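# Secondary and tertiary structure notes
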Amino acid sequence: MNVNESLIDRPEAVEKQYTTLNLGPTHPATHGIFQNVLTMDGEVIVNAEPTIGYIHRAFEKLAERRPYNQITPITDRLNYCSSPINNIGWHMTVEKLLGTEIPKRVQYLRVIIMELARITDHLVCNAVIGVDTGALTGFVYMFQQREAVYEIYEEICGARLTTNIGRIGGFERDFSQKAWDKINKFLIEFPKVLKEFENLLMRNRIFMDRTIGAGGITSERALSYSFSGPNLRATGIDYDVRVATPYSSYEDFDFVIPVGTNGDVYDRFMVRQEEMWQSLNIIKQAMAKLPEGPFHADVPEFYLPPKQEVYNDMEALIYHFKIVMGETEIPKGEVYHCVEGGNGELGFYLISDGGRTPYRLQFRRPCFIYYQAYPEIIKGSMLSDAILTMSSMNVIAGELDA
Amino acid sequence: MQTVANTSGVSMGEKPPGIEGAGFFATSLEKVVGMARKNSIWPLPFATSCCGIEFMATMGAHYDLARFGSERLSFSPRQADLLMVMGTIAKKMGPVLRQVYEQMAEPRWVLSVGACACSGGIFDTYSVLQGIDRIIPVDVYVPGCPPRPEQIIDGVMKIQHLVETESLRRRESPEYKAMLNKYGIE
Amino acid sequence: MEVSSQERVIATLKEKYEDEILHVETPYNFLTITLKKEKIVEIIRFLYESPDLRFQYLTSLGGIHYPELKQIAVFYQLHNLYSNERLRLKIYLPEENPVTETITSIFAGANWLERETYDFYGVIFEGHPNLKRVLNVEDMIIFPMRKEYPLEDQTRDDKNDDMFGR
């Protein structure tokens, strides 16, 4: 017999009163700054009212003021857990507008960097799902591996987190031997740690009991809410931008798109876990097939010439001056380019009117679009499941608010 | 009674100047309280954006902030000593930060990590607060975008120096109250 | 999208809505159709439900301000996941009174995208369940992404305008 029904049948049944709980902007469990005002019936959530915008930094208006190569540091701060993907996505958008041909070597190097960034993004998300169920150990191990990737970024571009990696047209210098040594070391050591992390959580009965069935969404609702990325693939739809509209030579590589069935927290965890293995596979293939060639395309209007030429050659001096002052010519036009970010389809819609700064730049941010579904997903679930759902959806505040 | 000589070369901490004898050590109360406080600061990580991820790396095993006594992160302002503001504070978030600061009990210190918290950073826009020192008093600023974990630890060590050398009567003094009044905090 | 599939989309749309189409172009091989604003919801519903054009995924929605034309454009980017075709629709609204209908009845994901467009440009979407500001503070009176408003925080007095070009 259902206990609730017996209460309603009795004439002296207690009238239900809902409590309001503020899962405020600063909360240890919400990894990011967003607020949810929950109306709760005991432990069960009846309604949720989200408020975002606590870290709105006006990226789109800022981008209208900056020349094209100065916008890269802004794109860093969108999804700051995997900033190389944002940088390279922006560079590819401008290259599409210019219509430049990018050498094969550059494309393969970009693939290596983007897959490393994807691994770090999924590392954080899976480790945080573990933390929210109470398993802090996995987090400490995974962050140690993130340090290894930070060292690789430092060898290539000098920065750890907000990388500003690459240039419009390629890279500023070829990867040094030390960078390759570090990447090789990472490829040897990381699989062991990832296997250890899997053994901690993947078939752990407590973790499975907590996560299976929590925070599920059907694939029809997910498509209606324009989900993309691991959250959509966990519901069963195999839409991946790398396969649908391949960019930067992804069609040369052989990889599998993992798909879930229920769209719940466990499926998202498993999809991200498998994507990390696939990313390692792609990096190995790229390193094995890496062609020789120039490490940047011939885009003199955007790519700084080497210093020896600037001091000796008039043309290089003029290009250097124009690039630094941001006065380069760019064709007029509208272009949309999307890449597969850590969270889904990250798109850049750029309208240029021939001036030194974009006329309009809209970032299609996956987090902003799929976070709308959060109140619908948690309705009827308990508070601890709601916390777990939020961390499994990998909501990064920088991408949410821009 | 025989004292054991310290031959390993590792010292647990610097002894404040005082008079030592068999089984006792006499020094002023301020120095002992300062030493105890500086080695047990409980931070409140107010992490908003990218600097928050560098903070997570600082708390990790590689850079380990916990060896400075900050093992227990307190997310409740009532139980925290140090408010570490890491990341951009937008104008929408300003009142929330102010409320968290006001709920902290004395003595409290504020560490502003990152260019955005110190001065607005690269975001000179209509929606970003140009530095948290417009709304709350700040003790130590750590610049960087994001600052390396070593810089964050350096900032914490400077806070430790402030904690150690602070007078026990500072929080009751009229100058401190005047400074709080400048920010509109009672 | 190949040229033949683009032409198929244009032909199917022209069968029913010939007079709503103002302009068709394909910048960088991306089919962009400019429409009149009156029947936009009907057209998007037709694109959703029609069995040969199943544009059932909303990629993006946003606004663009053209001060010299005194118009605010709203663009919709749709995607047909079955045959991997993309489409952009643009409607132009007058600057003083940018009002159009909401598409939240077709795509649930348009909810916050329309709120963001309202927040930045002041475009009113009729029929929207909750048209409030989503990213900026609730009591802001201006629509900041319009070109006439400045980017910078106006309360700063320590920056030298000559050197920073504000």
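Details of the structure are given in the entry above.
Residues numbered from 1 in each chain as written. Chains lettered and ligands numbered in written order. Predicted model: local features only at pLDDT ≥ 70, side-chain atom pairs only at ≥ 80, totals over all residues. Heavy atoms only, no water.

### Considerations on the sheet that holds strand E4 (residues 82–86) of chain B
All names here are of chain B. Strand order across the open sheet formed by four strands is E3-E4-E5-E6, with parallel pairing between neighbours. Here the strands that pair on one side only, and so sit at the sheet edges, are strand E3 (43–47) and strand E6 (140–142). Mean inter-strand twist for the sheet, computed between neighbouring axes without regard to direction, equals 15°. Both E3 and E4 contribute to a ladder of five bridges, which runs parallel. Counterpart to Pro-45 in the pairing with E4 is Met-84. (Pairing = 2+ DSSP bridges. Helix = DSSP H or I, 4+ residues; strand = E, 2+ residues; numbered from the N terminus. Axes fitted to C-alpha atoms, helices over the stretch in contact; angles between N-to-C directions.)

### Considerations on the pattern of salt bridges
Under the criterion given, the structure shown has 39 salt bridges over all chains. A salt bridge links Glu-115 of chain A to Arg-242 of chain A, with the nearest nitrogen and oxygen atoms 3.2 Å apart. Of this pair, Glu-115 of chain A sits in helix H5 (residues 104–132) while Arg-242 of chain A sits in helix H11 (residues 241–244), placing them 127 residues apart in sequence. Classification of Glu-115 of chain A as buried rests on a relative accessible area of 0%. Taking the shortest distance from any N to any O, the salt bridge between Glu-154 of chain A and Arg-148 of chain B comes out at 2.3 Å. Taken together, the residues span two chains, with Glu-154 of chain A in helix H6 (residues 136–157) and Arg-148 of chain B in the loop between E6 and helix H5 (149–165). Among the charged side chains, a network of salt bridges with common partners joins Glu-115, Arg-118, Arg-233, Asp-240, Arg-242, Glu-275 and Glu-340 of chain A. (Salt bridge = Lys/Arg side-chain N within 4 Å of Asp/Glu carboxyl O. Buried < 20%, exposed > 50% of the residue type's maximum accessible area, 1.4 Å probe, protein only.)

### Things to note about the interface of chain C and chain A
Between chain C and chain A, the contact holds 51 residues from the first and 43 residues from the second. Summing the contributions of chain C and of chain A, the shared interface buries around 3,700 Å²; its carbon and sulfur component is 54%. If you look at where chain C meets chain A, you find six salt bridges. Here Glu-345 of chain A and Arg-86 of chain C are joined by a salt bridge, their closest N and O atoms 3.1 Å apart. Seen at the junction of chain C and chain A, the total is 28 residue pairs in polar contact (both at pLDDT 80 or more). Among the elements of the structure, strand E3 (57–66), strand E4 (71–80), strand E5 (85–94) and helix H3 (110–121) of chain C are those that each provide at least two residues to the side of chain C that touches chain A. Broken down by element, the residue count for the side of chain C that touches chain A peaks at 10 residues, all from E3 of chain C. When its residues are assigned to classes, the side of chain C that touches chain A shows 26 nonpolar, 15 polar and 10 charged. (Contact = heavy atoms within 4.5 Å. Buried area = accessible area lost by both parts, 1.4 Å probe. Polar contact = N/O pair within 3.5 Å; in protein donor to acceptor, adjacent residues only side chain to side chain. Nonpolar A, V, L, I, M, F, W, Y, C, P; charged D, E, K, R; others polar.)

### Comments concerning a nonpolar patch on the surface
On the surface, a cluster of nonpolar side chains totalling about 390 Å² of accessible area is made up of Leu-304, Phe-321, Val-324 and Met-325 of chain A. Inspection of the secondary structure puts Phe-321 of chain A in helix H14 (residues 314–325). (Patch = residues over 30% accessible without salt bridge, like charges linked within 9 Å, V, L, I, M, F, W, Y side chains within 5 Å. Areas by Shrake-Rupley, 256 points an atom, 1.4 Å probe, with all protein chains shown as cover.)

### Topic: the interface of chain A and chain B
Contact residues are listed per partner, giving 31 residues for chain A and 29 residues for chain B. A buried area of about 2,700 Å², summed over both sides, lies between chain A and chain B, and 68% of it is on carbon and sulfur atoms. Contact with chain B buries surface across chain A, with Tyr-54, Arg-57 and Arg-160 of chain A losing the most and accounting together for 20% of the total. The interface formed by chain A and chain B contains two salt bridges. Where chain A packs against chain B, one counts 10 residue pairs in polar contact (both at pLDDT 80 or more). Mapped by element, the contributors of at least two residues to the side of chain A that touches chain B are helix H2 (59–63) and H6 of chain A. Tallying contributions element by element places H6 of chain A first for the side of chain A that touches chain B, with eight residues. Split by residue class, the side of chain A that touches chain B holds 17 nonpolar, six polar and eight charged.

Read these as geometric descriptors, not functional statements.
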